[in-house]
Structure formats: C-alpha cells, structure tokens
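Below are the chains, spelled out letter by letter.
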Amino acid sequence: QVLSDVFNVPVFTIDTANSACLGSAYRAIHGLVAERNVSLADVVKLAPEPRLAVTPTPGAEELYRPLLKRYAELEQKVIYTPASSC
C-alpha cells in the first residue's frame, strides 16, 4: 500500500515465487537490450499475468507529491556533485 500511495499508482503482483527477484531480472534484461530500442513491455511479454494488489489511498498524493519532488532534487544533487565537494 505504501508504494501505491507514495507513487500514486496501482500496484500489481504476479503469482510466482520470488516475484521481486523476477522483476529485477526483467529490468536487468531490459538494460542489456535497451540500446537496441527494445521496450520493457517487450521484455516482460512472457511474464505471468499480473493481479491488482492495491490502489492509491485517496488524498495520499497531496502528502507525497512534495516529498517526491524534494527527494528527486536531493538525488540529483548527490549524483551530480563530485565526491570531493561533499
């Protein structure tokens, strides 16, 4: 529920063991083939059918939107600031 609320999106699961690991594996494969313009959707076509687990709580977006913006700003600062200036 927390992921759904924070990112204001529905969360789906698949009925398979270690589904989080499977998702990571699909992302890794996508990274390997991305330079050939293969979409993530194409990579996961053979994945089991997802099942809706939760939807965002009404009003949660108002709380999390400014926090996500701030997090993105801090992340950019860390990524683009040389280590010697930290």
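Please read these numbers as outputs of a predicted model, since none were measured by experiment.

Here A34 lies in the loop between α2 (19–33) and α3 (40–43). Along the chain, A34 and E73 lie 39 residues apart, while their C-alpha atoms are 26 Å from each other.

Approximately 360 Å³ is the volume found for the largest pocket. Considering the residues around the largest pocket, the lining is formed by 15 residues, among which F12, T13, I14, S19 and G23 are closest to the centre. At the level of elements, β1 (11–13) and α2 are the ones that each hand at least two residues to the lining of the largest pocket. Here the element with the most residues in the lining of the largest pocket is α2; it accounts for 6 residues. Class assignment of the residues belonging to the lining of the largest pocket gives a composition of 11 nonpolar, 3 polar and 1 charged.

Quick look at the pattern of salt bridges now. As enumerated under the stated definition, the model contains 5 salt bridges in all. The partner of R65 in a salt bridge is E62, and the shortest N-O contact between them spans 3.1 Å. One end of the pair, R65, and the other, E62, are both in helix α4 (residues 60–80), 3 residues apart, so they sit about a helical turn from each other. You can call R65 partly exposed: its relative accessible area is 43%. With a relative accessible area of 54%, E62 lands in the exposed category.

One non-glycine residue, N8, lies in the positive phi region at around 55°. Mapping N8 onto the fold places it in the loop between α1 (2–7) and β1. Look at N37: it is not a glycine, yet its phi comes out positive at around 60°. Structurally, the position occupied by N37 is in the loop between α2 and α3.

Parameters and conventions
For every chain, the first residue of the written sequence is number 1, and numbering continues from 1 onward in sequence order. pLDDT decides what is reported in this predicted model: residues at 70 or higher carry local features, side-chain atom pairs at 80 or more are listed and counted, and totals for whole chains, interfaces and linings draw on all residues regardless. With hydrogens and water excluded, all non-hydrogen atoms of the structure serve as input to the side-chain values. Labels follow the DSSP assignment, with helices taken as runs of H or I lasting at least four residues and strands as runs of E lasting at least two, numbered in each case from the N terminus. Here a cavity denotes a set of grid points, spaced 1 Å apart and computed over the protein atoms alone, in which a 1.4 Å probe fits but from which it cannot get out, and a pocket denotes an open set meeting protein on both sides within 12 Å along at least five of seven lines; residues with an atom within 4 Å of a point are reported as lining. Grid points are joined across faces, edges and corners, and a volume is the space filled by probe spheres set on the points. Note on residue classes: Ala, Val, Leu, Ile, Met, Phe, Trp, Tyr, Cys and Pro are nonpolar, Asp, Glu, Lys and Arg are charged, and everything else, Gly too, is polar. Think of a salt bridge as a Lys or Arg side-chain nitrogen and an Asp or Glu carboxyl oxygen that are within 4 Å of each other. Partly exposed describes any residue whose relative accessible area lies between the buried limit of under 20% and the exposed limit of over 50%, with all areas from a 1.4 Å probe on protein chains only and scaled to the type maximum.

Fair warning: the whole summary comes from geometry, so function is off the table for now.
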